[in-house]
Amino acid sequence: MRTTTAIPTEIKAASKREQSQVRLSSAEREQAQATLKVLMNHIYELNKGVRHMVLFTCNKKYSELAIQRLESQGIPYVLQPAGQQNLNVYFGRRECLEAIRLIVTRPLNQLTPEEDFILGAMLGYDLCAQCERYCKRKNGCKSECNGKCEGKCINRN
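Per chain, residues are indexed from 1 in the order of the written sequence. Only residues with pLDDT of at least 70 are given local features in this predicted model, and only at 80 or more are side-chain atom pairs given and counted; all residues enter the totals for whole chains, interfaces and linings. Note: side-chain values were computed over all heavy atoms of the structure, leaving out hydrogens and water.

Caption draft 1: Inspection of the confidence of the model for the protein chain at higher detail. Confidence in the prediction for the protein chain averages 82 pLDDT; 75% of positions are at 70 or higher. For every residue, the pLDDT score states the predictor's confidence, bounded by 0 at the bottom and 100 at the top. Helical segments are the DSSP runs of H or I of at least four residues, strand segments are the runs of E of at least two, and each set is numbered from the N terminus. Per-residue pLDDT, averaged within each element of the protein chain, yields its smallest value for helix α1 (residues 16-21) (44) and its largest for strand β3 (residues 86-92) (97). A low-confidence stretch, residues 1-21 (pLDDT under 50), is modelled with 32 contacts involving residues beyond four sequence positions or located in other chains. By the convention used here, residues are in contact when the closest approach between their heavy atoms is within 4.5 Å.

Structural data, given as C-alpha cells:
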C-alpha cells in the first residue's frame, strides 16, 4: 500500500520500456547497490524490533527500488521530498507514521525545535544528544557555536 504525505512529490515511475533503455554506469550501479544495502539493513533492524521507525534518505532515482522493496515486504511508508535530488522515506509502524504525517509537514530544516526533538526521539536517536540539540536550537545557538554563545548552551562537564 503506497502512502504519501500531503507534501507533493515529483517522483514518476518510468514505463517498462523506459526502464529497459536506462543503462547505468558501473559507478551508478555501485551507488544503487550501496543504497539498497543500507535500506535492507534498516528493514532488518525494523523487523527485529531494534527500531519502530526509520528515516531513509536516498537519491530520487533510486526511490522506486526502495518503494518496491518496502511494498514487497508489506512495510508502510511516507514520502517527503528532500531538496531537488533526494527523497526522505519514513517507514515502520503505522502509529509512528501517523504522527509523522502530523509533525513533518515541511522540510526538516524548517521544523520547530519541539518538532525536531520529537522526530529525533521517534527515530531512536540518543535522547541526551536530542535534549542538547533541543536546548541549543531553543536558545538560538548554532550547532557549531562550541560554547561561544555566552552561556546559553549547556556547558559540558
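Caption draft 2: Spatial organisation of the side chain of Glu115. Relative to the elements of secondary structure, Glu115 occurs in helix α5 (residues 113-122). Here Thr112 takes part through its backbone nitrogen, which lies 2.9 Å from a polar atom of the side chain of Glu115. Setting aside chain neighbours within four positions, we find Glu115 in contact with Ile103 and Arg106. Counting of polar contacts relies on pairs of N or O atoms within 3.5 Å, with two restrictions inside protein: one atom must be capable of donating a hydrogen and the other of accepting it, and residues adjacent in sequence are counted only when both atoms are side-chain atoms.

Caption draft 3: Inspection of helix α6 (residues 127-138) at higher detail. The end-to-end C-alpha distance of α6 is 16 Å, a good match for the 16 Å that 12 residues give at a rise of 1.5 Å each. Exposure classes here rest on a 1.4 Å probe applied to the protein chains alone. A residue is buried below 20% of its type maximum, exposed above 50%, and partly exposed in between. Within the span of α6, buried status applies to Gln130, Glu132 and Lys136. Along the axis of α6, the buried residues cluster in a sector spanning 160 degrees; they form a single face. The residue sitting at the N-terminus of α6 and contributing the capping side-chain oxygen is Asp126; that oxygen lies 3.2 Å from the backbone nitrogen of Cys128. Gly140 occupies a position one or two residues after α6 and carries a positive phi of about 80 degrees. Multiply 1.5 Å by the residue count of a helix minus one, and that product is the helix's expected span. Read the arc as the range of directions from the helix axis to the C-beta atoms.

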